[in-house]
Amino acid sequence: MEAYNFKEIEKKWQDKWQDEPAFKAVDFHPTKPKYYILYEFFNVSGGLHMGHLKGTVPSDALARMKRFQGYNVLFPIGGDAFGLPAENAAIKAGVQPQQFVVSGLENALSQTKRIGLSFDWSRTICTSDPEYYHWTQWIFLQLYKHGKAYKTKGYVNYCPSCKTVLSNEDSQGGKCDRCGSDVIQKERWVWFLKMNEYSEKLLGNVDRIQMAEHLKEAQRNWIGKSEGMQVSFKVVNDKNDEVGNFEIFTTCIETIYGITFMVLAPEHDLINKWLPFIKNKNMVEKYKNDTAKRSALDRMADQKQKTGCVLEGIFAVNPVNGKKVPIYIADFVLAGYGTGAVMAVPAHDQRDYEFAVAHNIPMIQVIEGDCSKCAVEKKEYLVNGAKLINSEEFSGLSVKEAKNKISQKLIEMKLGKKQINYKMTDWPFNRQRYWGEPFPIIFCPHCGEVPLTEKDLPLVLPIVKDYKPNEHGDSPLSKAKNWMNIKCPICGRDAVRESDTMPNWAGSSWYWLRYVDPHNDKCLADYEKLKYWGSVDVYTGGTEHITRHVLYAFFWQNFLYEIGAVPSRDPFAKKYGSGLLLDDQGKKMSKSSANGVSPMQVIDEYGADVARLHLHFLSGFEDNVPWTYNGISGITNFIDKVWNLQSIIKGEEVTDKHRIDLNRLIKKVTEDYEEFKPNTAIAAMMSFIKMIKEDSYISKEELRIFLILLNPMAPHITSEIYERVFGKNIVNENWPKFDPQCLETESVEIPVQINGKKARVITVNRNVSQEKLLELIKQKYPELFADGKVIKKVIYVPNKIINIIK
RNA sequence: GCCGAAGUGGCGGAACGGCAGACGCACACGACUCAAAAUCGUGCGGGAAACCAUGCGGGUUCAAAUCCCGCCUUCGGCACCA
C-alpha cells in the first residue's frame, strides 16, 4: 500500500470542508437539539501562532463529536478587528487600518482552514464592518438612553505612549496592556459605562457559569465586594463653626473610638469647597499637583513611605464622642473607591499606622492586643476573641457585638448606613484613537449632548490619511472637519460629533449574539433565534481575558437582557480556559513578543493531523506548555499505524476478543472530548492500536468505530480512510455508543495486600465473594499464611483490592 | 502583602483514597540489512536483596501522589480597596 501523503489528502478534505453542509448550523432545526460552541475570535493584528492551535482544536473536536451525536452545532469564527492592537500593527506596517484588517482577517481565516477547523464559514463576522458595528453603536445608544453611559471629567488611567485613556482592566499592574508603558492618572473628559452598578449581577453570572474555581475566584477578587458602614463626619473650622461634612466608608466600624485623623484622596472634590478655611493652601495645592504627576506604578512602589499633607485650620468631628481630629490628604487613599475618604485608626490598620508614624500622629488602642510594633488588624483580632477597650459604653464587648451595636447607634443618629462597595469601577469607554467605533453622539452648544437616532446608524468611520495619535492626545477624528462638523438635529445650529472612539473591547462584548443572526439589518439578532440558540454551551479561550472581556460580556448581556433585547442574563453556560503555549524560554507565545512558532511551519512539515495530535498530546488543555518538536515522531508513527490499518482488515463484525477494549475506548474517548482532555483520549487510542497491532487484524466494524472516534482530533486521515474503505463521507456517521455490559472482563486481577503492603496478585472471576476469594488466596499462596498469625481483619473492595490485616 | 494553582522517572505527562509511573519521547539491547535509516521485538525510578521511592515535616486511614495541618519552591492573578 502506498504511504500516507498528507499534503495531497489534507488539501483535498480542507477544500471539501469549505462548503460542507454538515458544518453549517441550522436555525430552528426541526429535530436536532442545538449545541453552541464558541472559541474566542481572532484578534486581527497578526497571523496565527501555535497558541491558537492549542485553543481551537479541542473545541473543533467537541464540535465534530457533537455533530456525530446528532446535535445541530453552531461553531462560528470571526475577527476582532477594531482597537489598539490592530491600529498599532497597521501603523507599524505603514498601511491603512481598513486595508490591514481585511487582509489580516483573510490571512488568519485561511490559516484556520489549514488546521482543518470545521467552522461554519457562512457566519463569519468582523467587528470593524459597518454591518457589525452598526449594532455596537446601537447598544451604546441604548446604554446612553437608559442612563448607563455618561460623560464626565474624571481622573483616569492614561497611557502616555498610546496617548489614550485606559480602563482599569487595560492597565492591570499599572502598565498599559498594549505597550507596557507606565500608566499615569490624568483628568480628562471620559465616557463611562455604569459597570459598577452591575457588580452584584456579575457576581451572579460568576456563580452560575461552569468554570474552574480559581478563575471564578479571580473574577470575584476583581469585582471586590466588601460590606461595611458609610458614616458622615462633620467638618469644623478652628472656631468650631460647622463648615461642611463628608462621608467615609469602613469595614471596621468597631474601631471608631480609635480615630486620630481622617484622610481624603487628593483628588477629592470637597477640598476645593473647604479651601477658604484652609490655612496652608499652597502646600495643599502642591501636594495635589505632585500626586497628579505620579504614575500609578510610582504610587504603588512607595507603599512604605506614606506621603500626605494636613489641611490646616479644619477638623473632622468623631460622631460617637465629639472628638476633633485633623484631616489629611494623602495618595494612599484612592479617589475611585468607596467615598474617596477614610477614618484612620493607626492602632488597628497597618497603613494608618505607617502614616501616623511618618507624620507624628498619636494612636488610640481600642481593641486588646500589642500595638507597640505594628497595628493589630482585623485578621488578628477577629480570630482571637479580643475585646474592645477605651470605647465608652462598648468597652468589654466582643468585636462582633461591638460591630453591631456601634452600627446600630450610628444608624439611629442618622449619621451612618450599611453599605456595600465594589472595587470594580465604571468602565472608561472612550479612546483618543482613530481605529474604533465612532460614538453616535453630537455636541451642540445649545442643546448639549444629542444622541443620533437609530436610523442614522451605522455612523461610518471616515477614511482619513493621518490617523496617528498626536502629542496633545486629541483624537485623530477631530481633524476630519467634514465629518466632525454637523448641524444639530434638534435646533439646526452648528454642532460637532464626538471625536473619540470606542475601545477594542466594545465589539467583543456582544459578538456571540451576532453569530446567531450575522446579517440581520433590523436588530442585533433576531430574538427568536437568540432564544433558539440560547447561552453558549461551551466557551473556550485564553484565561488572560477572565477579568476583562468575560466581565464586560457579563455586563452587556445583563443590560441587553434588562432592555429585552436578549432572552438570558448568561452569555455562557460553561467556560474552559486554555493554557498558554510557551517558547523554549518559558515565555508566553504571542504576537507581541514575536516568538510565535507558526502553525503553518509545523503543518507544512508534518501535516495538520500530526500538528493537532502532537500539541494536544503534550499536556492537558488548561496547562501551560512549552512548544517542542520532541516526541512528534511518536505521533507520526501513530498516524502511519492508523493508515496501515487498511491492510489488515479481516472480517465484518467486532470480535469477542476486542469487544471489551473497544467499548472501553468509546467510553473513554467520549468522556475525554466532552471534558477537554484530548491528551488522555489520544493515549487511549494509541493503546488500542497497540493491541490491534499485536493481534494483526481489525474487523471492518472495529475500524469504522475507531475512525469515528479519532476523527474529531485527526479529521483528515480518518475521512480519507473512511472514504476508501466504506465509500462514504464520514461526516454523516453517528457517534458510537458503548454497551455498559461490555466494559468489564469476566476475570479480574486483584492485588493481595498483607497489612497494607502488596504481596501478590491473584486472577479470579469477577464479583467473587470475600470468603471465596480468601479461600482461593490461601490455596494459591499458602506461604502468605505460614507464619500462623491470626487474621484480625479483612478489607475487600470488590474487584479492586483485598487487604489482609494480621 | 493578599488570593489562587502546581511540585510524580533522564523528559512531556497518567492515575486524583485502592497494583504509582498509563501513553509517548529519549536511551540500551536484539531482529531485518553488506551497512545505515526506517520498521519490528525486548528492557527501561533506585536497590544485590529485604525494601526505598510522588518537594520537605507531621497527621487521619486497613490503605495517601490523592484528604488534613505546618513549611519550602515555582508559576499565575490582584495589589495602599479603607
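To be clear, the structure that these remarks concern was listed above.
Peer 1: Quick question: what am I supposed to make of the overall build of chain A here?
Peer 2: Looking only at helices and strands, one finds 26 helices and 28 strands in chain A. Taking the principal axes of the C-alpha coordinates as reference, chain A spans close to 105 × 85 × 50 Å. Scored against the burial criterion, the 806 residues of chain A give a buried share of 55%. Residue pairs at least 24 apart in sequence account for 74% of intrachain contacts in chain A once pairs closer than 6 positions are excluded. As displayed, chain A has an accessible area near 34,500 Å², and 50% of this comes from carbon and sulfur atoms.

Peer 1: Any chance you could explain the nonpolar core here in plain terms?
Peer 2: Soluble globular proteins: nonpolar side chains tend toward being buried together. F140, F429, W556 and F706 are the most contacted members of the largest nonpolar core, which totals 171 residues. With residues near it in sequence (within four places) discarded, W556 still touches T136, I139, L143, L193, W427, F429, A506, S509 and W510. Counting residues in each nonpolar core, the second largest holds 57 residues, with L264, A316, A347 and F355 among its members.

Peer 1: Explanation requested: the protein's contact with RNA strand B in the structure shown.
Peer 2: The full set close to RNA strand B counts 47 residues, and Q172, H214, T251, K423 and L618 are the nearest of them. The protein-proximal atoms of RNA strand B, defined as those within 4 Å of the protein, are 62% sugar or phosphate. Measuring from a sugar or linking oxygen of RNA strand B, one finds a backbone N or O atom of F332 at 2.8 Å. With respect to RNA strand B, the backbone of L334 contributes an N or O atom lying 2.9 Å from a base nitrogen. Per element, the largest residue contribution to the surface near RNA strand B is 6 residues, and it comes from helix α23 (residues 678-695). Grouping the amino acids of the surface near RNA strand B by side-chain chemistry returns 17 nonpolar, 17 polar and 13 charged.

Peer 1: Even after reading the chapter, I still don't get the pairing of strand β21 (residues 538-542), so can you show me in this structure?
Peer 2: Moving residue by residue along a regular strand, the side chains alternate between the two faces of the sheet. Across the 5 residues that make up β21, a large majority, 5, are buried. In this sheet, β21 lies alongside strand β1 (residues 34-39) in parallel orientation, the contact comprising 3 bridges. Bridge pairing in β21 links Y39 to T540. With 4 bridges joining them, β21 and strand β22 (residues 575-578) adopt parallel strand pairing. Following the sheet pairing, Y539 is matched in β22 by K575. A crossover connection joins β21 to the parallel β22 through helix α18 (residues 549-562); in handedness this β-α-β unit is right-handed.

Peer 1: Is there a simple way to think about the pairing of strand β12 (residues 309-317) in this case?
Peer 2: Of the strand pairs in this sheet, strand β9 (residues 225-237) and β12 are connected by 4 bridges, and their pairing is antiparallel. What sits directly across from N237, in β12, is I314. As defined by bridge partners, β12 adjoins strand β13 (residues 324-329) across 5 bridges and the pair is classed as antiparallel. Counterpart to F315 in the pairing with β13 is P326. The hairpin turn running from β12 into β13, its antiparallel successor, is 6 residues long, and G322 in that turn takes a positive phi close to 70 degrees.

Peer 1: For this particular structure, what's the right way to read the sheet that holds strand β2 (residues 42-43)?
Peer 2: In a beta sheet, neighbouring strands pair by backbone hydrogen bonds and run either parallel or antiparallel. In space, the 3 strands of this open sheet follow the order β2-β4-β5, with parallel pairing throughout. Each edge of the open sheet carries a strand with a single partner, namely β2 and β5 (125-126). Looking at chain direction, strand β4 (residues 78-80) and β5 are connected through 2 bridges and run parallel. Looking at the pairing, G79 lines up with C126 of β5.

Peer 1: Which parts of the structure should I look at to understand the packing of aromatic side chains?
Peer 2: Any pair of aromatic rings gets described here by the distance separating the centres and the angle formed by the planes. Evaluation of the coordinates by the stated rule reveals 51 aromatic pairs. Ring plane angle 65 degrees and centroid distance 5.4 Å describe the contact between Y35 and Y71, whose orientation is recorded as edge-to-face. Highlighted residues: Y35 in strand β1 and Y71 in the loop between α2 (50-68) and β3 (72-74), separated in sequence by 36 residues. A ring pair is formed by F261 and Y328, whose centres lie 5.7 Å apart and whose planes are at 75 degrees; its orientation type is edge-to-face. In this pair, F261 sits in strand β11 (residues 261-264) while Y328 sits in strand β13, placing the two residues 67 residues apart along the sequence. Residues F261 and Y328 agree in their burial class; the two are buried.

Peer 1: Quick question: what am I supposed to make of the environment of N289 here?
Peer 2: With respect to the helices and strands, N289 occurs in helix α9 (residues 281-293). Judged by relative accessible area, N289 falls into the partly exposed class, the value being 44%.

Peer 1: I'm lost on the environment of W510 in this one. Help?
Peer 2: Counting through the fold element by element, W510 comes out in the loop between α15 (505-508) and α16 (511-514). Given the relative accessible area of 0%, W510 is considered buried. Considering only alpha carbons, one finds W510 and A212, 298 residues apart in sequence, at a separation of 23 Å. Non-local contacts of W510, meaning those with residues more than four positions away in its chain, are made with Y132, W135, T136, I139, L524 and W556. Looking at W510, its side chain comes within polar contact range of the side chain of T136, at 3.0 Å.

Peer 1: What exactly am I supposed to notice about the pattern of salt bridges here?
Peer 2: The tally for this structure, following the rule as stated, stands at 48 salt bridges. Across the pair E377 and K379 runs a salt bridge, and its minimum N-O distance is 3.6 Å. We classify E377 as partly exposed; its relative accessible area is 23%. The exposure class assigned to K379 is exposed, which follows from its relative accessible area of 65%.

Peer 1: In this structure, what is going on with the sheet that holds strand β20 (residues 494-497)? I would like to understand it.
Peer 2: Strand order in the open sheet made by the 4 strands is β18-β17-β20-β19, with antiparallel pairing throughout. Edge positions in the sheet fall to β18 (448-451) and β19 (485-487), since each has one partner strand and no second. Within this sheet the neighbouring strands show an average axis-to-axis angle of 40 degrees, counted without direction. Summarising the sheet, β19 and β20 pair through 3 bridges and their orientation is antiparallel. Across the sheet, the residue bridging to I486 is A495, located in β20.

Peer 1: Just to check I follow, could you spell out the state of the cysteines for this structure?
Peer 2: Cysteine pairs can be linked by a disulfide, which is a covalent bond between their two sulfur atoms. The full count for this structure, using the stated rule, is 0 disulfides. Cysteine C491 is unpaired, with the sulfur of C444 as its nearest cysteine sulfur at 3.6 Å.

Peer 1: Could you clarify how one ought to interpret the environment of P469 in this entry?
Peer 2: Along the chain, P469 turns up in the loop between β18 and α14 (481-484). If near-sequence neighbours (up to four positions away) are discounted, P469 is found in contact with E87, I91, C162, K163, Q432, R433 and P476.

Calculation rules
Residues numbered from 1 in each chain as written. Chains lettered and ligands numbered in written order. Predicted model: local features only at pLDDT ≥ 70, side-chain atom pairs only at ≥ 80, totals over all residues. Heavy atoms only, no water. Helix = DSSP H or I, 4+ residues; strand = E, 2+ residues; numbered from the N terminus. Buried < 20%, exposed > 50% of the residue type's maximum accessible area, 1.4 Å probe, protein only. Contact = heavy atoms within 4.5 Å. Areas by Shrake-Rupley, 256 points an atom, 1.4 Å probe, with all protein chains shown as cover. Core = buried A, V, L, I, M, F, W, Y, C linked by side-chain atoms within 4.5 Å. Near = heavy atom within 4 Å. Polar contact = N/O pair within 3.5 Å; in protein donor to acceptor, adjacent residues only side chain to side chain. Nonpolar A, V, L, I, M, F, W, Y, C, P; charged D, E, K, R; others polar. Pairing = 2+ DSSP bridges. Right-handed = clockwise from strand over helix to strand, strands pointing away. Phe/Tyr/Trp six-rings, centres within 6.5 Å; stacked < 30°, edge-to-face > 60°. Salt bridge = Lys/Arg side-chain N within 4 Å of Asp/Glu carboxyl O. Axes fitted to C-alpha atoms, helices over the stretch in contact; angles between N-to-C directions. Disulfide = S-S within 2.5 Å.

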